[in-house]
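If you want the building blocks of each chain, they are given just below.
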Amino acid sequence: MLQANRGTVKPSTNFNASADAEVLHKAMKGLGTNEDAILQLVTARSNAQRQEIKASYKTLYGKDLIGDLKGELGGKFETLIVALMTSPITYDVTSLHNAIKGAGTDEKVLVEILASRTSQQVKQIVAAYKQEYDHDLEKDITGDTSGHFQRLLVILLQALFKAGEQKFGTDEQSFVTILGNRSAEHLRKVFDAYMKLSGYEIEESIKRETSGNLKDLLLAVVKCARSVPAYFAETLYYAMKGSGTDDNTLIRVMVTRSEADLLDIRAQFRRLFACSLHSMIKGDTSGDYRKALLALCGGDDA
């Protein structure tokens, strides 16, 4: 079943890759950079179109567009524009690689990507990771994580979404096995049965029975099984709530969901929190970075 695109970013209708490449080249050449021209263009093209623009730019000017953008832009705005110019699978693969390499692991990135992507996307990510880094993603993750958290990540990686009956215990092993091996539809039935049996939501049990990274991962899997847009609405809210903004998360979610389900995420955001996604971004960011994020957001649900 093909789902309708619920993204805020749609392909531009009368698209001309070389004309766009020229606009970007002009915006960067000479003294000063026309950031506005860059953000207006990039946020109004689909990712597939941006890849064509990149190829045209190379043909016309013999240079790498991403390299030129990095040379001209700076800070969070640069990070956002470069992310938009990167193909989705490459972006996920790079995000995972950066989360694993170096001292300490950014578990949040592993949790978000592996809990929310479809099994088809996970398969593509695994293959692209191998191609890009000549490393096995599963090995890299197991080398960097441990225990039940590691086990569930591996199950999610292997995308073994097959139904099957199993007794539901409160031991972590059962949680891990059941949540890792079931389709979203099957899980929703399990959650309803669990509620009837125990009198409380599965999320309550997870919070009581587990902690740390494992708790975060189990909750993410449950939330994504219930509703991926609601999961991302929450992720965006907590990236901006309170003092300081988790810009990496904000950028990652806005970029990766802009052509998938950002309209649904916006609707869930409005439903769950006392404000719109648009107004929260507006209050939490500034400059060209803010302008580009608001263009991706594509409207206010105030």
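Summarised in this report is the structure supplied together with it. (Residues numbered from 1 in each chain as written. Predicted model: local features only at pLDDT ≥ 70, side-chain atom pairs only at ≥ 80, totals over all residues. Heavy atoms only, no water.)

## A few points about helix α5 (residues 75-85)
An α-helical turn contains 3.6 residues, so a residue and the one three or four places further along point in the same direction.
1) Next: For α5, the buried fraction is high: eight of the eleven residues fall into the buried class.
2) Next: Of the residues making up α5, those classed as buried are Phe77, Glu78, Leu80, Ile81, Val82, Ala83, Leu84 and Met85.
3) Next: The inward-facing, buried residues of α5 abut α2 (35-42), α3 (47-61), α4 (65-72), α6 (88-100), α16 (247-257) and α19 (287-297). (Buried < 20%, exposed > 50% of the residue type's maximum accessible area, 1.4 Å probe, protein only. Helix = DSSP H or I, 4+ residues; strand = E, 2+ residues; numbered from the N terminus. Contact = heavy atoms within 4.5 Å.)

## What to know about the packing of aromatic side chains
1) Next: Using the criterion set out here, one finds eight aromatic pairs in the structure.
2) Next: Between Tyr57 and Tyr61 the ring centres are 5.1 Å apart and the planes differ by 55°, which places this aromatic pair in the tilted class. Note that Tyr57 and Tyr61 are positioned in helix α3 at a spacing of four residues, about one turn of the helix.
3) Next: Grouped by ring-pair contacts, the aromatic residues Tyr237, Tyr238, Phe269 and Phe273 constitute a single cluster.
4) Next: It is Arg208 that lies over the ring of Tyr200; its NZ or CZ is 4.5 Å from the centre. (Phe/Tyr/Trp six-rings, centres within 6.5 Å; stacked < 30°, edge-to-face > 60°. Lys NZ or Arg CZ within 6 Å of the ring centre and 35° of its normal.)

## What to know about the environment of Asp216
1) Next: Turning to its location among the elements, Asp216 is positioned in helix α14 (residues 212-226).
2) Next: Relative accessible area serves as the criterion here: at 41%, Asp216 is assigned to the partly exposed category.
3) Next: Along the backbone, Asp216 and Val111 are 105 residues apart, and their C-alpha atoms lie at a distance of 7.5 Å.

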